[in-house]
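A structural walkthrough
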Amino acid sequence: MYGKNLPALSKVACTVLSQPVCASAAERNWSIYGSIKTDRRNRMRHSVSDRLVYCHEALQLRIKRTKAGYKEPAVKWESDSDSDENNSDNEEDLMV
């Protein structure tokens, strides 16, 4: 049939095209963004809304794992590598 002359390309095409297409994770993210960034919060920076979506998803994952009986060991953080010293509690960054 097709791809008889190009076996490597045929194999890659079959692998790529056999993966299921699912947009539910993206739809869920857009829904969360929609509930966080409303008309009243339209001046919120994109980085702030990204952090809020990440926190929401992390909290939901933690709740699911706790309900399933998973217990996380407590680990002390030495430093927060995501934050920098210039990211203090500015009113512009925390505008909600």
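Going along each chain's sequence as written, the residues are numbered from 1 onward. pLDDT decides what is reported in this predicted model: residues at 70 or higher carry local features, side-chain atom pairs at 80 or more are listed and counted, and totals for whole chains, interfaces and linings draw on all residues regardless. Heavy atoms throughout the structure, all of them, feed into the side-chain values; hydrogens and water do not.

Points about the confidence of the model for the chain
Close inspection of predicted coordinates is inappropriate in any region flagged by low pLDDT. Mean pLDDT for the chain: 79, with 78% of residues reaching 70 or above. The least confident element of the chain, judged by mean pLDDT, is helix α1 (residues 7-17) at 86; the most confident is helix α3 (residues 46-67) at 91. Known as pLDDT, the predictor's confidence for each residue is given on a scale from 0 to 100. What counts as a helix is a DSSP run of H or I of at least four residues, what counts as a strand is a run of E of at least two, and both are numbered from the N terminus.

What to know about the nonpolar core
Formed by Ile32, Ile36, Met44, Val48 and Val53, the largest nonpolar core amounts to 5 residues. Every element with two or more residues in this core is listed here: α2 (24-36) and α3. Put simply, buried Ala, Val, Leu, Ile, Met, Phe, Trp, Tyr and Cys residues joined by side-chain atoms within 4.5 Å make one nonpolar core. Only protein chains enter the accessibility calculation, which uses a 1.4 Å probe. A residue is then buried if its area is under 20% of the maximum for its type, exposed if over 50%, and partly exposed in between.

Focus on α3
Taking 1.5 Å per residue, 22 residues should reach 32 Å; α3 reaches 32 Å between its end C-alpha atoms and fits that length. Residues of α3 that are buried: Val48, Ser49 and Val53. Down the axis of α3, the sector holding all buried residues measures 140°, keeping them to one side. Those residues of α3 that are exposed and angled more than 90 degrees off the buried face are Tyr54 and Thr66. On its buried face, α3 sits against α2. Downstream of α3 by one or two residues, glycine 69 has phi in the positive range, about 95°. By this rule, a helix spans an expected 1.5 Å times one less than how many residues it contains. Along the arc lie the directions from the helix axis toward the C-beta atoms. In this analysis, two residues are considered to be in contact whenever any of their non-hydrogen atoms come within 4.5 Å of each other.

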